[in-house]
Amino acid sequence: MKLRNIFKHFGLVVRHKHRVFINCAKCGLIWRGIVHDLSKFTPTEFFESAKFYQGNRSPIGVCRRTKGVSYAWLHHKGRNKHHIEYWLDGDCEVTPLMPYKYAVECVCDKLAATRTYHGKSYAPEKPLEHWLRYGNKVDGNPKTMAFIERVFLDVKEHGEEYVLSGKYMKRVYREVTDESEAEA
Ligand SMILES: [Zn+2]
């Protein structure tokens, strides 16, 4: 493992966390912004991702293709409720709806990651493009999936700032899921 990649990966995680924090804070979820992805600093996640550091795409995909499995991802998705995969149990018929605060964190995460990995080629349609190509292939709760897609459609239409508020998120979450965000 190159020492340089350890520092680069550390910088990438800090930059990503900073972007997610800003997004979450705009939506009124400061605590979610602070604790977002903290498990990336555990040895299981940190060293694998530093080893497969790329800079322009997720090291988890590279590790999966190289080794056939990513222990960092298995560790990460089991502990982070903002991932659709956290809520999946292949042996159960029911996939719970992602509660409001994690669903918003999920969207904030994907928006930040799209910016990080696209750099200068970022455009408002990129989150939706990425979602339709890869994101929506996961077998998540249909209402969770509909919420995420609706937000990215609005980002494409009106830009990121339009969706980054608690008022917008609460309204759309209620509309799409029929659940009051207070109960969720
Ligand atoms: Zn995460």
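Residues numbered from 1 in each chain as written. Predicted model: local features only at pLDDT ≥ 70, side-chain atom pairs only at ≥ 80, totals over all residues.

**Digging into the overall build of the protein**
Along the backbone of the protein there are 10 helices and zero strands. Ordered by position from N to C terminus, the α and β elements of the protein give α-α-α-α-α-α-α-α-α-α. Relative to the 2.2 N^0.38 estimate, which gives 16 Å for 184 residues, the radius of gyration of the protein is 16 Å and therefore close to what a compact globule would have. Considered along the principal axes of its C-alpha atoms, the protein spans approximately 50 × 40 × 30 Å. Across the 184 residues that make up the protein, the buried fraction comes to 32%. Of the contacts made within the protein by residues no fewer than 6 positions apart, 62% connect residues no fewer than 24 positions apart. (Helix = DSSP H or I, 4+ residues; strand = E, 2+ residues; numbered from the N terminus. Rg over C-alpha atoms; globule rule 2.2 N^0.38 Å. Buried ≥ 20, exposed ≤ 12 C-beta atoms within 10 Å, placed from the backbone. Contact = placed C-beta atoms within 7 Å.)

**Some thoughts on the nonpolar core**
Counting residues in each nonpolar core, the largest one holds 27 residues, and the members touching the most others are Cys27, Ala103, Val104, Val107, Cys108, Ile148 and Val151. Only α1 (3-26), α6 (100-118), α7 (126-133), α8 (142-158) and α10 (166-177) provide two or more residues apiece to this core. Of the residues forming this core, the biggest block, nine residues, is contributed by α6. Two domains each donate at least three residues to this core, and these are domain 1 (3-85) and domain 2 (93-177). (Core = buried A, V, L, I, M, F, W, Y, C linked by C-beta atoms within 7 Å. Domains from an automatic or database assignment.)

**Focus on the domain arrangement of the protein**
How big an interface is tends to be stated in terms of accessible area lost as the parts join. Under the domain assignment, the protein is made up of domain 1 (3-85) and domain 2 (93-177). The C-alpha-based centres of domain 1 and domain 2 are spaced at 18 Å. Facing the 18 residues of domain 1 at the interface are 21 residues of domain 2. The leading source of residues in the side of domain 1 that touches domain 2 is α1, at seven residues. Grouping the amino acids of the side of domain 1 that touches domain 2 by side-chain chemistry returns five nonpolar, six polar and seven charged. (Nonpolar A, V, L, I, M, F, W, Y, C, P; charged D, E, K, R; others polar.)

**Considering α1**
With 24 residues, α1 extends 35 Å between its outermost C-alpha atoms, agreeing within 8% with the 34 Å of an ideal straight helix rising 1.5 Å per residue. Of all the residues in α1, the buried ones are His9, Leu12, Lys17, Arg19, Val20, Asn23 and Cys24. Structurally, α1 contributes buried residues whose contacts are with α2 (30-35), α3 (43-51) and α6. Phi turns positive, to about 85°, at Gly28, one or two residues after α1. (Expected span 1.5 Å × (residues − 1).)

**So, the packing of α6 against α8**
The N-to-C vectors of α6 and α8 enclose an angle of 45°; their axes lie 10 Å apart at closest approach. With respect to α8, the axis of α6 lies oblique. For the crossing formed where α6 meets α8, the hand is right-handed. Residues Ala103, Cys106 and Val107 of α6 touch α8, and the partners they reach there are Thr144, Phe147, Ile148 and Val151. Of the residues contributing to the contact of α6 with α8, the split by class is six nonpolar, one polar and no charged. (Axes fitted to C-alpha atoms, helices over the stretch in contact; angles between N-to-C directions. Parallel < 35°, antiparallel > 145°, perpendicular 65-115°, else oblique. Left-handed = near helix turned anticlockwise from the far one by under 90°.)

**Observations regarding the packing of α6 against α7**
Close contact between α6 and α7 brings their axes to 9 Å; oriented N to C, the two are set at 100°. With respect to α7, the axis of α6 lies roughly perpendicular. Residue-level inspection shows Lys110, Leu111, Thr114 and His118 of α6 in contact with α7, the latter providing Lys126, Pro127 and His130.

**So, the environment of Val69**
Here Val69 is to be found in the loop between α4 (59-67) and α5 (71-77). Between the alpha carbons of Val69 and Lys110 there is a distance of 22 Å; along the sequence they are 41 residues apart.

**Thoughts on the environment of Ile6**
Looking at the secondary structure, you find Ile6 in helix α1. The class for Ile6 is partly exposed, based on 16 C-beta atoms found within 10 Å. Along the chain, Ile6 and Phe46 lie 40 residues apart, while their C-alpha atoms are 8.5 Å from each other. Not counting chain neighbours up to four residues away, the residues in contact with Ile6 comprise Met1 and Ala50.

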